[in-house]
Amino acid sequence: ILGAGSWGTAFAKIVADSARENKTGVQVVLIGRSEQAMAECSQTRENSKYFPGMKLPENLEFTADAPTGLTGADLVVLALPSGATFAASTLCPLY
């Protein structure tokens, strides 16, 4: 999921929870802009900026490295404000 704001984080949690409950083995990756913020989310299992106190599932990974985070993805969700889509397209050239 490209975009680690409120919408991206909420969507990532829903998908990761569903995958865990249905035992699909799906790993969800949340891609944000800030390496520091993604490292904090990974360590604390929480996106304290948007959802303080809400623990995020273990099958949710965090990264600021979009090409790595998108490698092997079966599905990509853009959870970005409309103004950010051009900037995201320069980070992740389409194949």
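Residues numbered from 1 in each chain as written. Predicted model: local features only at pLDDT ≥ 70, side-chain atom pairs only at ≥ 80, totals over all residues. Heavy atoms only, no water.

1. Focus: the packing of aromatic side chains
Here's step 1: Inspection of every chain in the model, using the stated rule, returns one aromatic pair.
Here's step 2: Aromatic pair Trp 7 and Phe 11: ring centres 5.3 Å apart, planes at 5°, arrangement stacked. Placement of the pair is Trp 7 and Phe 11 together in helix H1 (residues 6-21), with a separation of four residues, close to one helical turn. (Phe/Tyr/Trp six-rings, centres within 6.5 Å; stacked < 30°, edge-to-face > 60°. Helix = DSSP H or I, 4+ residues; strand = E, 2+ residues; numbered from the N terminus.)

2. A look at the environment of Asp 65
Here's step 1: Along the polypeptide, Asp 65 turns up in the loop between strand E2 (60-63) and helix H3 (66-70).
Here's step 2: Along the backbone, Asp 65 and Ser 34 are 31 residues apart, and their C-alpha atoms lie at a distance of 9.2 Å.
Here's step 3: Within the structure, Asp 65 has its side chain in polar contact with the side chain of Thr 68 (distance 2.6 Å). (Polar contact = N/O pair within 3.5 Å; in protein donor to acceptor, adjacent residues only side chain to side chain.)

3. Focus on the pairing of strand E1 (residues 28-31)
Here's step 1: Every second residue of E1 is oriented toward a common face, with Val 28 and Leu 30 on one face and Val 29 and Ile 31 on the other, all of them buried.
Here's step 2: Inspection of the sheet shows E1 paired to E2 by four bridges, in the parallel sense. What sits directly across from Val 28, in E2, is Leu 60. (Buried < 20%, exposed > 50% of the residue type's maximum accessible area, 1.4 Å probe, protein only. Pairing = 2+ DSSP bridges.)

4. A closer look at unusual backbone geometry
Here's step 1: Of note, the phi angle at Lys 23 is positive, near 50°, even though the residue is not glycine.
Here's step 2: Structurally, Lys 23 is set in the loop between H1 and E1.
Here's step 3: Judged by its relative accessible area of 73%, Lys 23 is exposed.
Here's step 4: With a phi angle near 60°, Arg 45 is a residue other than glycine that sits in the positive phi range.
Here's step 5: Assignment of secondary structure puts Arg 45 in the loop between helix H2 (35-44) and E2.

5. Let's talk about H1
Here's step 1: Its 16 residues place the ends of H1 22 Å apart at the C-alpha level, agreeing with the 22 Å of an ideal helix rising 1.5 Å per residue.
Here's step 2: Looking only at H1, the buried set comprises Gly 8, Thr 9, Ala 12, Lys 13, Ala 16, Asp 17 and Ala 19. Down the axis of H1, the smallest arc covering the buried residues is 160°, so these residues share one side. The outward face of H1, more than 90 degrees from its buried face, is lined by the exposed residues Ile 14 and Glu 21.
Here's step 3: If you follow the buried residues of H1, they end up packed against E1 and E2. (Expected span 1.5 Å × (residues − 1). Arc of directions from axis to C-beta. Contact = heavy atoms within 4.5 Å.)

6. Describing the side chain of Arg 45
Here's step 1: For Arg 45, a relative accessible area of 13% puts it in the buried group.
Here's step 2: In this view, Arg 45 contacts Glu 40, Met 54, Lys 55, Leu 56, Pro 57, Glu 58, Leu 60 and Phe 62; residues no more than four positions away in its chain are not counted.

7. A short note on the pattern of salt bridges
Here's step 1: Counting across every chain of the model gives four salt bridges.
Here's step 2: In this structure, Arg 20 and Asp 17 form a salt bridge, with 3.2 Å as the shortest nitrogen-oxygen distance. Here the residue Arg 20 and the residue Asp 17 both occupy positions in helix H1, the gap between them amounting to three residues, near one helical turn.
Here's step 3: Judged by its relative accessible area of 46%, Arg 20 is partly exposed.
Here's step 4: Among the residues examined, Asp 17 registers a relative accessible area of 14% and is labelled buried. (Salt bridge = Lys/Arg side-chain N within 4 Å of Asp/Glu carboxyl O.)

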